[in-house]
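One letter stands for each residue in the lines below.
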Amino acid sequence: MIPAEFGYRRAASVAEAIGMLTQDEDARLLAGGHSLIPLMKLRLAVPSLLVDIGKVAELRYVSEGPGYLAIGALTRHHTLATNPLVREQAGLLAAVATEIGDPQVRHRGTIGGSLAHGDPASDLPAALLALDASYLVSSPAGNRVISAGVFHLGFLQTALQHGEVITEIRVPSGTGSYGFRKFRARSMDWAMAGVAAARTPSGIRVALVNMGAVPLRAAAVEAALSAGRPAAEAAALAAVDTAPPADTSASAGFRRHLARVLTGQALADVDAAAPGRAGSVE
Amino acid sequence: MSLTARVRIRVNGELQVTAVPARQLLVSYLRDDLGLTGTKIGCDTTSCGACTVLLNGEAVKSCTVFAAQADGDEVITIEGLAPAGSLHPVQRAFRDEHALQCGYCTPGMVLAVVSLLRELPEASDADIRRGLDGNLCRCTGYTPIIRAVRSLAAGAAHDPG
Ligand SMILES: Cc1cc2nc3c(=O)[nH]c(=O)nc-3n(C[C@H](O)[C@H](O)[C@H](O)COP(=O)(O)OP(=O)(O)OC[C@H]3O[C@@H](n4cnc5c(N)ncnc54)[C@H](O)[C@@H]3O)c2cc1C
Ligand code: FES
Ligand code: FES
């Protein structure tokens, strides 16, 4: 499969990338290419121009910011999985990244690309929602910060405007134990459904993978937990207000069942670890 | 606007300076332009791993990388893994353990193993299985492949088998 022809420019900096994007309204950013290239091969995406930010060094870092862990948008899944700072301060992200695709995919795919692609079956967007993360975005108009809860607007739709580049992912400090579960028929498959749960300063937050058009908070579960209900009882509410897809791999009903079971397991992992300690992950 | 991209890519130690169509995939550049047909195309959808090459030492699926993206990078294909006429230890282990039948998956499998052992020299059986999640083999049933990798993982040196 060969993509349609397109123009190609390599950006050396974020500023240069923004400049290139704004000259062409059908231009798209290219990061790791592991969502965009498959779409282009199918000609479901036909950009006129690709602005390659793959070599923009200023977007590849992990560092400690004031009250948050700062992760450059070009940080690859492989780095998230192995970086000591991520493992120590955002263990949930490291655990989730370890289970994305396969090693080859993890060597190319980036956290910024995963967010901007906006696929509800992706794992990192839900994990970042559970962690109450926010995203620093640059554009010709300057910088703005978008919080995870309002970033995803619909299937493959985000709050990003044309010309905006995600530069940094901010994960608030102070999260404690966590749990992450996803269910796949085969090791390399995407999640039929998945759950990320984390103990945060504002209580336990739970987010669902592939249970609607966007990553969803399991609000009923969170409310039950903060009302002091036992985890098993709260987990039974995981499918409330979800709208899971039905496709050849699973019915909507089966996905609801999975969400309840996996939430129970993820919450058990959150509970099992002492606050401030990492929970186990499957 | 240019539909081509200038690239400088070091392939198997040799610097290539050329212009490629922007939409040319790395696997096509390697096979069609450089004649390095050891890299296979199985699925063309990032699933099978037959097109795996080393990009700056790490396994990637070259059917899902544009050649243009590899500018400034170093690519190793199966042809360049060991000097001509000799075998890389991973290739030798595959031969010794009968880890291939038709051989179609083998170049990608071998390079995925090289990458895996570079990251996890003491890979456990579970690490080996996970590390080969991205490579399909329709012949061997995987058991001899895992045996071959196990024979190389550090610590295996003590294993007389
Ligand atoms: C075989 C396979 C299996 C996979 N399995 C999983 C899985 O199990 N779980 C999972 O979560 N994901 C999975 N993925 C998706 C993978 O994680 C992608 O790499 C990721 O979703 C996209 O990151 P990228 O850097 O490759 O983005 P690209 O493909 O380069 O870009 C994706 C989109 O984001 C835009 N973009 C990229 N960077 C930015 C930025 N900084 N600012 C604004 N916009 C930007 C691009 O314009 C494009 O629209 C899989 C992919 C493949 C091919
Ligand atoms: S041909 Fe690239 S993964 Fe199958
Ligand atoms: S040896 Fe035939 S596909 Fe692996």
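Definitions and limits used
- Residues numbered from 1 in each chain as written.
- Chains lettered and ligands numbered in written order.
- Predicted model: local features only at pLDDT ≥ 70, side-chain atom pairs only at ≥ 80, totals over all residues.
- Heavy atoms only, no water.
- Helix = DSSP H or I, 4+ residues; strand = E, 2+ residues; numbered from the N terminus.
- Rg over C-alpha atoms; globule rule 2.2 N^0.38 Å.
- Buried < 20%, exposed > 50% of the residue type's maximum accessible area, 1.4 Å probe, protein only.
- Contact = heavy atoms within 4.5 Å.
- Areas by Shrake-Rupley, 256 points an atom, 1.4 Å probe, with all protein chains shown as cover.
- Lys, Arg positive; Asp, Glu negative; His and termini not counted.
- Charge placed at Lys NZ, Arg CZ, Asp CG, Glu CD.
- Domains from an automatic or database assignment.
- Near = heavy atom within 4 Å.
- Polar contact = N/O pair within 3.5 Å; in protein donor to acceptor, adjacent residues only side chain to side chain.
- Phe/Tyr/Trp six-rings, centres within 6.5 Å; stacked < 30°, edge-to-face > 60°.
- Pairing = 2+ DSSP bridges.
- Buried area = accessible area lost by both parts, 1.4 Å probe.
- Salt bridge = Lys/Arg side-chain N within 4 Å of Asp/Glu carboxyl O.
- Nonpolar A, V, L, I, M, F, W, Y, C, P; charged D, E, K, R; others polar.
- Core = buried A, V, L, I, M, F, W, Y, C linked by side-chain atoms within 4.5 Å.
- Axes fitted to C-alpha atoms, helices over the stretch in contact; angles between N-to-C directions.
- Parallel < 35°, antiparallel > 145°, perpendicular 65-115°, else oblique.
- Left-handed = near helix turned anticlockwise from the far one by under 90°.

> Can you tell me about the overall build of chain B, naming the residues and giving the values?
For chain B, the helix and strand inventory stands at five helices and five strands. Sequence-ordered secondary structure for chain B, helices as α and strands as β, is β-β-α-β-β-β-α-α-α-α. Computed over C-alpha atoms, the radius of gyration of chain B comes to 16 Å, within 12% of the 15 Å expected from 2.2 N^0.38 for 161 residues, which places it in the range of a compact globule. Taken along the three principal axes of its C-alpha coordinates, chain B extends 60 × 30 × 25 Å. For chain B, with 161 residues in total, the buried portion stands at 52%. Look at the contacts in chain B between residues 6 or more apart in sequence, and 55% of them connect residues 24 or more apart. Carbon and sulfur atoms make up 51% of the accessible area of chain B, which amounts to about 7200 Å² in all. On chain B, the mean spot of the 15 positive side-chain charges and the mean spot of the 17 negative ones are 4 Å from each other.

> Any chance you could break down the domain arrangement of chain A for me, citing the residues and the numbers?
Domain boundaries in chain A define domain 1 (7-52), domain 2 (57-172) and domain 3 (178-275). Here the C-alpha centroids of domain 1 of chain A and domain 3 of chain A sit 34 Å apart.

> Describe the site of ligand 1, and please don't skip the residues or the numbers.
Taken together, 30 residues sit near ligand 1, with Leu-29, Gly-33, His-34, Leu-36 and Thr-110 of chain A positioned nearest. With respect to ligand 1, its neighbouring residues span chains A and B. Within the side chain of His-77 of chain A, a nitrogen or oxygen atom sits 2.8 Å from an oxygen atom of ligand 1. One of the backbone nitrogen or oxygen atoms of Gly-101 of chain A is found 3.2 Å away from an oxygen atom of ligand 1.

> Requested: an account of the packing of aromatic side chains, with residues and values cited.
Taken as a whole and judged by the stated rule, the model has three aromatic pairs over all chains. The interplanar angle of 55° and the centroid separation of 5.2 Å between the aromatic rings of Phe-6 of chain A and Phe-66 of chain B together place this pair among those described as tilted. Here Phe-6 of chain A, found in the segment before strand 1 (7-10), pairs with Phe-66 of chain B, found in the loop between strand 4 (58-61) and strand 5 (74-76), and the two come from separate chains. On the accessibility criterion, Phe-6 of chain A (1% relative accessible area) is buried. Centroid distance Phe-183 of chain A to Phe-254 of chain A: 6.2 Å. Interplanar angle 90°. Geometry classified as edge-to-face.

> Explain the pairing of strand 10 (residues 165-172) of chain A to me, and be specific about the residues and the numbers.
All names here are of chain A. Of all eight residues in strand 10, seven are buried, a share of seventy percent or more. With five bridges joining them, strand 6 (residues 134-139) and strand 10 adopt antiparallel strand pairing. For Tyr-135, the partnering residue across the bridge sits in strand 10 and is Ile-169.

> Kindly report on the interface of chain A and chain B, identifying the contributing residues and their values.
Counting residues at the interface gives 38 residues for chain A and 36 residues for chain B. For the pair chain A and chain B, the summed buried area comes to about 2900 Å², and 53% of that belongs to carbon and sulfur atoms. Per-residue buried area on chain A facing chain B is highest for Arg-10, Gln-104 and Arg-108 of chain A; these three make up 20% of the total on that side. Seen at the junction of chain A and chain B, the total is six salt bridges. Among the ionic pairs, Arg-130 of chain B bridges to Glu-99 of chain A, the shortest N-O distance being 3.3 Å. Where chain A meets chain B, there are 22 residue pairs in polar contact (both at pLDDT 80 or more). Of all the elements in the fold, those that place two or more residues in the side of chain A that touches chain B are strand 1, helix 2 (36-41), strand 3 (49-52) and helix 6 (103-108) of chain A. If you tally residues by element for the side of chain A that touches chain B, the top one is helix 6 of chain A, at five residues. A class-by-class count of the residues in the side of chain A that touches chain B yields 15 nonpolar, 11 polar and 12 charged.

> Break down the environment of Ile-18 of chain A for me, citing the residues and quoting the values.
All names here are of chain A. Within the fold, Ile-18 resides in helix 1 (residues 14-22). With a relative accessible area of 9%, Ile-18 lands in the buried category. Residues Ile-18 and Pro-47 lie 29 residues apart in sequence; the distance between their C-alpha atoms is 16 Å.

> Which residues make up the nonpolar core, and what values go with them?
Counting residues in hydrophobic clusters, the biggest one holds 42 residues, and the most contacted among them are Leu-92, Leu-93, Leu-128, Tyr-135, Ile-169 and Val-171 of chain A. Two domains each put at least three residues into this core: domain 2 (57-172) and domain 3 (178-275) of chain A. Each residue touching Val-171 of chain A, except ones within four places of it in the same chain, is listed here: Tyr-68, Leu-69, Ile-71, Ala-90, Leu-93, Leu-128, Leu-131 and Ala-133 of chain A. Grouped together as the second largest cluster of nonpolar side chains are 32 residues, Tyr-8 of chain A together with Val-11, Cys-51 and Ala-68 of chain B included.

> Describe the packing of helix 2 (residues 89-96) of chain B against helix 3 (residues 106-119) of chain B, naming the residues involved and giving the relevant values.
All names here are of chain B. Close contact between helix 2 and helix 3 brings their axes to 9 Å; oriented N to C, the two are set at 125°. Here helix 3 runs oblique to helix 2, going by the angle between their axes. Note that helix 2 runs across helix 3; the crossing there is right-handed. Contacts between helix 2 and helix 3 pair Val-90, Gln-91 and Phe-94 from the former with Thr-106, Met-109, Val-110, Val-113, Val-114 and Leu-117 from the latter. Residue composition of the contact of helix 2 with helix 3, grouped by class: seven nonpolar, two polar and no charged.

> Would you mind going over the pattern of salt bridges in detail, with residue names and values included?
When the charged atoms of two side chains lie near each other, side chains of opposite charge can form a pair. Tallied over the entire structure, the rule returns 20 salt bridges over all chains. The partner of Arg-186 of chain A in a salt bridge is Asp-189 of chain A, with the nearest N and O atoms 3.0 Å apart. According to the relative accessible area criterion, Arg-186 of chain A is exposed, its value standing at 57%. On the accessibility criterion, Asp-189 of chain A (18% relative accessible area) is buried. Across the pair Glu-97 of chain B and Arg-147 of chain B runs a salt bridge, and its minimum N-O distance is 3.0 Å. Taken together, the positions of Glu-97 of chain B in the loop between helix 2 and helix 3 and Arg-147 of chain B in helix 5 (residues 143-150) put the pair 50 residues apart, joining distant regions of the chain. Overall, the relative accessible area of 17% leaves Glu-97 of chain B in the buried class. Residue class for Arg-147 of chain B comes out partly exposed when judged on its relative accessible area of 36%. Among the charged side chains, a salt-bridge network with shared partners connects Glu-99 and Arg-184 of chain A together with Arg-130 of chain B.

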